[in-house]
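A structural walkthrough
Next come the chains, spelled out residue by residue.
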Amino acid sequence: MSQTSAKLIDGKVYAERLRARVAEEVAELHADHGLQPGLAVVLVGDDPASQIYVRSKGEQSRAAGMHSVTHLLPADTTQHELLRLVAELNVDPLIHGILVQLPLPKPLDEAAVLAAINPDKDVDGLHVVNAGRLANGQPALTPCTPLGCMILLRETVGELSGLRAVVVGRSVLVGRPIAQLLLQADCTVTIAHSRTRDLPALCREADILVAAVGRPRMIKGDWIKPGAAVIDVGINRVPFDDPVKAAAGRTKVVGDVDFKQVSQVAGWLTPAPGGVGPMTVAVLLQNTVSAARRQAGLSS
Ligand code: NAP
């Protein structure tokens, strides 16, 4: 087996630490202010992957001492019924964070549902008001995966000011918010996408490279500046290399980064799975605590 030169960023360890800090803060808020941060998660339909995510969010928020409510709605829920629930949660004093699990089954209108969430309870950070606040450099509830990436970068690389950052991907969920966060950290940021010319050359300029593309192992070793920090956000299902397992239809998860190659060149690298992924729910808990503090008029 070839030797790995990059230091691997174990997201499970950092997520565990963050959850422990959140649990401490929840206990303090309760003891000092009688405040228990509350998270409501709404799932429409019976998508198995979404069910797993929603269960995990409920379990982790309860484990942190938070008030946790899960609304499981049937797949034939109407737009009106879903909006009515969001409206109820918006004014529920025990609920400080609302998360509607995406994707919503058709024909529900995701944009309209996200727009109906009170921006101050929008712990997924997907409301256009929060995107605007983030873009303006104002305090905002920020999407969980990008914020998780920033925590990993700060914990490993340390000072980010002045570094050259390239984000591959411009989605509302990942690419755009992480570019904004890197800009706030005083990086010089370029956002690349499917129309970017000579992507390998652009990536080679990056001290920090964030891959949020959704294409298995697209980023190759010779695209990487030696010593760069590489954050692989991608979650892609591919057949096993082992032909017997592949023939049985078994799949595994790989990132957007060619791990074997990139780990030989990068200074830091998040494995996928096990890097960015575990941070997402931990940051959701942190966002809920921040939302609760702001709603109670406490500084966050
Ligand atoms: P998305 O909405 O599909 O966006 C993908 C982006 O990649 C788009 O901006 C697209 O460019 C760009 N792109 C596609 N092909 C490209 C190419 N050949 N060269 C350069 N750019 C290209 O995906 P997403 O929601 O951002 O998710 C990205 C990945 O992260 C997925 O694998 C997803 O599963 C994963 N993810 C992980 C987590 C986690 O917790 N770890 C959370 C969210 C997402 P255009 O805009 O030009 O089309």
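Quantities reported herein were computed from a predicted structural model and do not represent experimental measurements.

1. So, the nonpolar core
- Of all hydrophobic cores here, the largest spans 51 residues; its most connected members are V22, M150, L153, L182, I208, V210 and I231.
- Of all the secondary-structure elements, those providing two or more residues to this core are α1 (11–33), β2 (38–44), α6 (144–156), β5 (164–168), α7 (175–184), β7 (208–211), β8 (229–232) and α11 (279–295).
- Of all the elements, α11 adds the most residues to this core, at eight residues.
- Apart from the residues within four sequence positions on either side, L153 is in contact with G158, L160, L182, I208, A229 and I231.
- Counting residues in hydrophobic clusters, the runner-up holds 19 residues, among them V166, A192, C203 and V257.

2. Overview of the site of the ligand
- In the vicinity of the ligand lie 22 residues, with R170, S171, S194, R215 and I235 positioned nearest.
- With respect to the ligand, the backbone of I235 contributes an N or O atom lying 3.0 Å from an oxygen atom.
- Here T280 contributes a side-chain N or O atom positioned 3.0 Å from an oxygen atom of the ligand.
- Contact with the protein chains covers 71% of the free accessible surface of the ligand, which is 930 Å².

3. Things to note about the packing of aromatic side chains
- Under the counting rule described, the total for this entry stands at zero aromatic pairs.
- The ring of F240 is capped by K245, whose NZ or CZ atom sits 4.7 Å from the centre of that ring.

4. What about the confidence of the model for the protein?
- Looking at the protein, pLDDT values average 96 and 98% of them are 70 or higher.
- When pLDDT is averaged over each helix and strand of the protein, the minimum, 88, is found for helix α9 (residues 243–247) and the maximum, 99, for β5.

5. Describing the sheet that holds β5
- Here we have six strands laid out as an open sheet, ordered β1-β11-β8-β7-β5-β6, and parallel in their pairing. For this open sheet the edge positions go to β1 (7–8) and β6 (188–192), each flanked by a neighbour on one side alone.
- Bridge analysis of β8 against strand β11 (residues 268–269) gives two bridges, and the strand direction is parallel. Bridge pairing in β11 links V230 to L269.
- Packed on one face of the sheet, α7 meets β5, β6 and β7 and runs near 170° to β5.

6. Some points on the pattern of salt bridges
- Applying the stated criterion across every chain yields a total of eight salt bridges.
- Among the ionic pairs, E16 bridges to R19, the shortest N-O distance being 3.7 Å. With E16 and R19 both in helix α1, this residue pair falls three residues apart, about one helical turn.
- On the basis of relative accessible area, R19 is assigned to the partly exposed category, the value being 23%.
- Taking the shortest distance from any N to any O, the salt bridge between R133 and D120 comes out at 3.4 Å. Linking R133 in helix α5 (residues 128–135) with D120 in the loop between α4 (110–116) and α5, this pair joins segments that are 13 residues apart in sequence.
- R133 gets classed as partly exposed once you look at its relative accessible area, which sits at 24%.

So, how was this worked out
- Residues numbered from 1 in each chain as written.
- Predicted model: local features only at pLDDT ≥ 70, side-chain atom pairs only at ≥ 80, totals over all residues.
- Heavy atoms only, no water.
- Core = buried A, V, L, I, M, F, W, Y, C linked by side-chain atoms within 4.5 Å.
- Buried < 20%, exposed > 50% of the residue type's maximum accessible area, 1.4 Å probe, protein only.
- Helix = DSSP H or I, 4+ residues; strand = E, 2+ residues; numbered from the N terminus.
- Contact = heavy atoms within 4.5 Å.
- Near = heavy atom within 4 Å.
- Polar contact = N/O pair within 3.5 Å; in protein donor to acceptor, adjacent residues only side chain to side chain.
- Areas by Shrake-Rupley, 256 points an atom, 1.4 Å probe, with all protein chains shown as cover.
- Phe/Tyr/Trp six-rings, centres within 6.5 Å; stacked < 30°, edge-to-face > 60°.
- Lys NZ or Arg CZ within 6 Å of the ring centre and 35° of its normal.
- pLDDT = per-residue confidence, 0-100.
- Pairing = 2+ DSSP bridges.
- Axes fitted to C-alpha atoms, helices over the stretch in contact; angles between N-to-C directions.
- Salt bridge = Lys/Arg side-chain N within 4 Å of Asp/Glu carboxyl O.

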